[in-house]
Amino acid sequence: MLSSFEGSSVYDSISKAITFVTGTMDTQENEKSKLLNRIAVPPVPLVAAKYKSIWGQILGALQDNRIIEFDYNGRWNPETTHRRVRPYQLVLDNGLCYIFGYSEERGEERLFTLNRITNLAVTDDSFELPEDYEFSHRTGGGRFGAFIGEGPVEFVVDFYGDAREYIKACIWADDQKLEDFDEEDKTRVTFSCSQELPVKQWILRQAGNAIPVSPDWFVEQWKSVIREMAESAGLL
């Protein structure tokens with residue numbers, strides 16, 4: 001996890017937090033450091049961290065349960081909007097930092113990428129942290145990173161060829177079920193989650209070796225993406 005933040009303005013802060021939590025600062029620090037050097041994480045895209053100036057403010061707001069306000073440009077809505085948010089957690093995923101919390105304007109929980117936040121202010125208004133504020137409880141049982149959607153949906157996906165071994169290497173959802181059809185060189189995975197977009201991207205990364213079976217509306221979305229890709233490549 002730390003490797004994706006190397007060279008960024010928040011590397012030291014995250015490193016110190018992990019060191020504190022894992023208890024590596026003790027009489028056996030040298031021995032533990034040597035062992036940690038034998039555990040490697042492959043290179044991942046480095047984050048173009050732009051949030052050095054707000055990092056401390058966000059940590060303070062989390063610690064004191066203070067409402068924050070900021071301007072935000074979303075991934076799918078580039079128009080700047082002003083947000084008032086009750087911050088629940090910092091979510092670290094694939095090198096990116098998110099604030100997970102309750103957006104008062106939207107009346108629902110949302111994820112905000114720190115790199116898209118400007119004009120952050122920590123207000124004097126406090127909020128009561130819900131008993132269950134854990135981000136991972138909002139994914140509908142899915143394990144596809146920092147994304148939340150509507151209620152959980154049951155997905156059925158068929159994997160072929162070398163993707164069959166790939167799919168068996170991990171638990172992708174809490175209720176995952178695998179079924180082999182060796183005569184068809186196929187493994188079917190059935191699972192539930194509320195992370196539609198990353199599931200779609202996950203399937204597309206396997207090219208022709210992964211084909212969604214249901215739900216129908218999801219299959220049509222997948223086909224639409226493939227058609228757009230074919231048109232862009234001049235194949236249609």
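Heads up: the structure comes first, above all this text.
Residues numbered from 1 in each chain as written. Predicted model: local features only at pLDDT ≥ 70, side-chain atom pairs only at ≥ 80, totals over all residues. Heavy atoms only, no water.

## Section: the overall build of the protein chain
- Of regular secondary structure, the protein chain possesses 6 helices and 9 strands.
- Taken across its 236 residues, the protein chain has 37% of its residues classed as buried.
- For the protein chain, the proportion of contacts with a sequence separation of at least 24, taken over those separated by at least 6, is 60%.
- As displayed, the protein chain has an accessible area near 14200 Å², and 50% of this comes from carbon and sulfur atoms. (Helix = DSSP H or I, 4+ residues; strand = E, 2+ residues; numbered from the N terminus. Buried < 20%, exposed > 50% of the residue type's maximum accessible area, 1.4 Å probe, protein only. Contact = heavy atoms within 4.5 Å. Areas by Shrake-Rupley, 256 points an atom, 1.4 Å probe, with all protein chains shown as cover.)

## Some points on the environment of Q176
- By secondary structure assignment, the location of Q176 is in the loop between α4 (163-168) and β7 (177-181).
- Given a relative accessible area of 17%, Q176 falls into the buried group.
- Once the C-alpha coordinates of Q176 and G142 are considered, the two residues, 34 residues apart in sequence, prove to be 9.1 Å apart.
- Those residues in contact with Q176 that lie beyond four places of it in its chain are I167, C170, I171, V189, T190 and F191.
- Within polar-contact distance, the side chain of Q176 engages the backbone nitrogen of W172 at 2.7 Å. (Polar contact = N/O pair within 3.5 Å; in protein donor to acceptor, adjacent residues only side chain to side chain.)

## Re the packing of helix α5 (residues 196-204) against helix α6 (residues 216-232)
- For the pair α5 and α6, the least separation of the axes is 11 Å and the interaxial angle reads 55°. Judged on the interaxial angle alone, α6 and α5 are oblique. In the packing of α5 onto α6, the handedness of the crossing is right-handed. Residues E196, V199, K200, I203 and L204 of α5 touch α6, and the partners they reach there are W217, F218, Q221, W222, V225 and I226.
- When the residues that make up the contact of α5 with α6 are grouped by side-chain class, the tally is 8 nonpolar, 1 polar and 2 charged. (Axes fitted to C-alpha atoms, helices over the stretch in contact; angles between N-to-C directions. Parallel < 35°, antiparallel > 145°, perpendicular 65-115°, else oblique. Left-handed = near helix turned anticlockwise from the far one by under 90°. Nonpolar A, V, L, I, M, F, W, Y, C, P; charged D, E, K, R; others polar.)

## Concerning the packing of aromatic side chains
- Applying the stated criterion across every chain, the model contains 16 aromatic pairs.
- Arranged with centres 5.8 Å apart and planes meeting at 35°, the rings of F144 and F191 form a pair that is tilted. Placement of F144 in the loop between β5 (117-126) and β6 (153-160) and of F191 in strand β8 (residues 186-193) is noted, with a sequence separation of 47 residues between them. Per residue, the accessibility class of F144 equals that of F191, and both read buried. (Phe/Tyr/Trp six-rings, centres within 6.5 Å; stacked < 30°, edge-to-face > 60°.)

## Some points on the sheet that holds strand β9 (residues 210-214)
- Read from one edge of the open sheet, 4 strands run β7-β8-β6-β9, paired in antiparallel fashion. In this open sheet, the two edge strands, each paired with only one partner strand, are β7 and β9. Across the sheet, the mean angle from the axis of one strand to that of its neighbour is 25°, orientation sign disregarded.
- The strands that α6 touches are β6 and β9; relative to β9, the one it contacts most, it runs at about 145°. (Pairing = 2+ DSSP bridges.)

## Some points on the side chain of R138
- Mapped onto the fold, R138 is located in the loop between β5 and β6.
- Classification of R138 by relative accessible area gives buried; the value is 17%.
- At a separation of 3.1 Å, a polar atom in the side chain of R138 contacts the main-chain carbonyl oxygen of E134.
- Residue contacts for R138: discarding those within four places in its chain leaves F100, E109, D132, Y133, I148 and S194.

## Examining α6
- Its 17 residues give α6 an end-to-end C-alpha distance of 25 Å, which sits within 8% of 24 Å, the value for a rise of 1.5 Å per residue.
- Where α6 is concerned, the buried positions are F218, V219, W222 and A230. On an axial view of α6, the arc spanned by its buried residues comes to 120°, and they lie on one face. Turned more than 90 degrees away from the buried face of α6, the exposed residues are D216, E231 and S232.
- Once α6 finishes, G234 follows within two positions and takes phi at roughly 75°, a positive value. (Expected span 1.5 Å × (residues − 1). Arc of directions from axis to C-beta.)

## Focus: the pattern of salt bridges
- This structure, assessed with the given rule, holds 16 salt bridges.
- R110 is the partner of E108 in a salt bridge, and the nearest nitrogen-oxygen pair spans 2.7 Å.
- Exposure remark for E108: the relative accessible area of 34% places this residue in the partly exposed category.
- For R110, a relative accessible area of 27% corresponds to the partly exposed category.
- For E109, the salt bridge goes to R138, with nearest N and O atoms at 2.7 Å. On the criterion of sequence distance, the pair formed by E109 in strand β4 (residues 108-113) and R138 in the loop between β5 and β6 is long-range, its members being 29 residues apart.
- Since its relative accessible area comes to 26%, E109 is described here as partly exposed. (Salt bridge = Lys/Arg side-chain N within 4 Å of Asp/Glu carboxyl O.)

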